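# Remarks on the overall topology
Spelled out from the first residue to the last, the chains are:
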Amino acid sequence: MSTLKPITVNVDAYLGLNKYEVDEGNPHIEVAPEPETELFKELVRICPAGLYKMDGDQPMSVDFAGCLECGTCRIVGAGAIIASWRYPSATMGIEYRYG
Ligand code: SF4
């Protein structure tokens, strides 16, 4: 009988393989002027790239430079957090690499 070996995955290492062309000055995601705090906390928890930040008394912040374009925040934060969400312009945004 064979035993299965556990597989470990380093998500940060995989994310580090991706290439990004950041469209500076033309963000593809715009946050509402007064984002709802509790819902923002949810985005901190669920964004797979960890781009939503909120530490203690620190203000809410988002850095879209590492966006995976998964659309999760678009669905969860529509209206209350996300004022607009669209894919980056052609040739901009993420280029996935798989090792
Ligand atoms: S689209 Fe996905 S990766 Fe990009 S900011 Fe939203 S939740 Fe994070």
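Residues numbered from 1 in each chain as written. Predicted model: local features only at pLDDT ≥ 70, side-chain atom pairs only at ≥ 80, totals over all residues. Heavy atoms only, no water.

What follows deals with the side chain of H28. Positionally, H28 belongs in the loop between β1 (19-21) and β2 (29-31). With a relative accessible area of 8%, H28 lands in the buried category. Each residue touching H28, except ones within four places of it in the same chain, is listed here: F64, C67, E69, S84, W85, R86, Y87 and P88. (Helix = DSSP H or I, 4+ residues; strand = E, 2+ residues; numbered from the N terminus. Buried < 20%, exposed > 50% of the residue type's maximum accessible area, 1.4 Å probe, protein only. Contact = heavy atoms within 4.5 Å.)

Structurally, E69 is set in the loop between β4 (61-62) and α3 (72-76). Of the side chains with opposite charge, R86 comes closest to the buried, unpaired E69, at an N-O distance of 9.6 Å. Apart from the residues lying within four places of it in its own chain, the contact partners of E69 are H28, W85, Y87, P88, M92, G93 and I94. (Lys, Arg positive; Asp, Glu negative; His and termini not counted. Salt bridge = Lys/Arg side-chain N within 4 Å of Asp/Glu carboxyl O.)

Below, the discussion takes up the site of the ligand. Neighbouring residues of the ligand: 13 residues in total, closest C47, C67, C70, G71 and C73. In terms of residue class, the shell around the ligand is built from 10 nonpolar, 2 polar and 1 charged. (Near = heavy atom within 4 Å. Nonpolar A, V, L, I, M, F, W, Y, C, P; charged D, E, K, R; others polar.)

Considered as a void within the structure, the largest pocket measures approximately 180 Å³ in volume. For the largest pocket, the lining is made up of 18 residues, of which V22, D23, H28, F64 and A65 are closest to its centre. Taken together, the elements giving at least two residues each to the lining of the largest pocket come down to β1 and β6 (93-95). Across the lining of the largest pocket, the residue classes tally to 9 nonpolar, 5 polar and 4 charged. (1 Å grid on protein atoms, 1.4 Å probe; cavity = no way out; pocket = protein on both sides within 12 Å on 5 of 7 lines; lining within 4 Å. Points joined across faces, edges and corners; volume = space filled by probe spheres on them.)

Counted under the stated rule, the structure contains 3 salt bridges. Among the ionic pairs, R45 bridges to E42, the shortest N-O distance being 2.8 Å. Here R45 and its partner E42 are both found in helix α2 (residues 37-46), 3 residues apart, which amounts to about one turn of the helix. With its nearest N and O atoms 3.6 Å apart, the salt bridge here joins R97 to E95. Here R97 falls in the partly exposed class, since its relative accessible area comes to 38%.

It is worth spelling out the packing of aromatic side chains at this point. Inspection of the entire model under this criterion finds 3 aromatic pairs. Ring centres of F40 and Y52 lie 5.5 Å apart, and the angle between their planes is 70°; on these two criteria the pair is classed as edge-to-face. With F40 in helix α2 and Y52 in strand β3 (residues 52-53), the pair connects residues that are 12 residues apart, well separated along the chain. Judged by its relative accessible area of 1%, F40 is buried. Taking the centre distance of 5.0 Å and the plane angle of 80° together, the rings of W85 and Y87 count as edge-to-face. For Y87, a relative accessible area of 51% puts it in the exposed group. Among the aromatic side chains, those forming a connected cluster through ring pairs are F40, Y52 and F64. (Phe/Tyr/Trp six-rings, centres within 6.5 Å; stacked < 30°, edge-to-face > 60°.)

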